Amino acid sequence: LTLYEYDVTSKHLINPTVILNEAVVDSSILKFNNIYYIFTTKYSLDFCGGAHDIHIYKSENITGPYQLHQTIALDAPIARGAGSIIQEEENIYIPTQNCQERYGQQVVLQQLCFNNSKFHIKEISRISPLSPYNKGCHTYNQLGEFAVIDGYKYKYGKIAELISIIYKLLIK
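Enquirer: Where do I start with the overall build of the chain in this structure?
Expert: Along its length, the chain carries 1 helix and 12 strands. Secondary structure elements of the chain occur, N-terminal to C-terminal, as β-β-β-β-β-β-β-β-β-β-β-β-α. Here the C-alpha radius of gyration of the chain, 17 Å, is about what a compact globule of 172 residues would show, namely 16 Å. Dimensions of the chain, computed from the C-alpha atoms along their principal axes, are close to 50 × 45 × 35 Å. Within the chain, the proportion of its 172 residues that are buried is 35%. With an accessible surface of roughly 10,900 Å², the chain has 54% of that area assigned to carbon and sulfur atoms. Positive and negative side-chain charges of the chain, numbering 15 and 16 respectively, have mean locations separated by a distance of 8 Å.

Enquirer: Which parts of the structure should I look at to understand the pairing of strand β8 (residues 91-98)?
Expert: Looking along a regular strand, one sees side chains alternate from face to face of the sheet. With 7 of 8 residues buried, β8 is to be regarded as a mostly interior element. As defined by bridge partners, strand β7 (residues 86-88) adjoins β8 across 3 bridges and the pair is classed as antiparallel. Looking at β8, one finds that E88 is bridged to N91. Linkage of β7 to β8, two consecutive antiparallel strands, is achieved through a turn of 2 residues, within which E89 is found at a positive phi near 50 degrees.

Enquirer: Help me understand a nonpolar patch on the surface, please; the structure alone is not making it clear to me.
Expert: Residues Y4, Y6, V8 and L13 make up a contiguous nonpolar surface patch of roughly 470 Å² in combined accessible area. Relative to the assigned elements, L13 resides in strand β2 (residues 12-18).

Enquirer: Would you mind showing me how to read the pattern of salt bridges here?
Expert: Where charged atoms of side chains with opposite charge meet at close range, the side chains can pair. For the structure on display, the rule yields 3 salt bridges. Residues R80 and D26 are paired through a salt bridge, measuring 2.5 Å at the closest nitrogen-oxygen approach. Here R80, found in the loop between β6 (67-73) and β7, pairs with D26, found in strand β3 (residues 24-32); they are 54 residues apart in sequence, far enough to count as distant. Given the relative accessible area of 35%, D26 is considered partly exposed.

Enquirer: Looking at this model, I keep getting lost on the sheet that holds β3. Mind explaining?
Expert: The strands that make up a sheet pair up through hydrogen bonds in the backbone, lying either parallel or antiparallel. What the 4 strands build is an open sheet, ordered β3-β4-β5-β6; its pairing is antiparallel. With partners counted over all chains shown, the strands left at the sheet margins are β3 and β6, one partner each. Strand-to-strand, the axes of this sheet are offset by a mean angle of 25 degrees, without reference to chain direction. As paired elements, strand β4 (residues 35-42) and strand β5 (residues 53-59) share 5 bridges and run antiparallel to each other. Within β5, the position partnered with T40 by the bridge is H55.

What counts and how
- Residues numbered from 1 in each chain as written.
- Predicted model: local features only at pLDDT ≥ 70, side-chain atom pairs only at ≥ 80, totals over all residues.
- Heavy atoms only, no water.
- Helix = DSSP H or I, 4+ residues; strand = E, 2+ residues; numbered from the N terminus.
- Rg over C-alpha atoms; globule rule 2.2 N^0.38 Å.
- Buried < 20%, exposed > 50% of the residue type's maximum accessible area, 1.4 Å probe, protein only.
- Areas by Shrake-Rupley, 256 points an atom, 1.4 Å probe, with all protein chains shown as cover.
- Lys, Arg positive; Asp, Glu negative; His and termini not counted.
- Charge placed at Lys NZ, Arg CZ, Asp CG, Glu CD.
- Pairing = 2+ DSSP bridges.
- Patch = residues over 30% accessible without salt bridge, like charges linked within 9 Å, V, L, I, M, F, W, Y side chains within 5 Å.
- Salt bridge = Lys/Arg side-chain N within 4 Å of Asp/Glu carboxyl O.
- Axes fitted to C-alpha atoms, helices over the stretch in contact; angles between N-to-C directions.

Encoded structure:
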């Protein structure tokens, strides 16, 4: 996992710093009680293979070093990140992907709670995609009263859907 700075003048990413030397995907950083936490899932070839566990790393500095703080094991594949962590007053939310049937099926909004130096999560709601992009959504970002949600559809209809089903059968 690499952290970059954005140079506004040149409009380029600069100063790449490896902050976590592991294969992870869809990571988010939260600064909480003056500690930096990375929420992430392990990389898997089938997109959602590691989506049952949220791995949380912590550091006193944004550039590390990071140590594993805890792992939250979930009963369903709903751990893979789906956007930036949202802080609203005293509440903290983490959007994750529901990968139960396929990658990016829905966004699951989960509340983060912190008790006895450990994080706990509680599902708040699920965001399903709307037509015409009704095959899935895997990103939710919020800034104030605005939200960005993506959705997807099969460009070639039933043929693409059939290819998707065959692909799923082959990787199992």
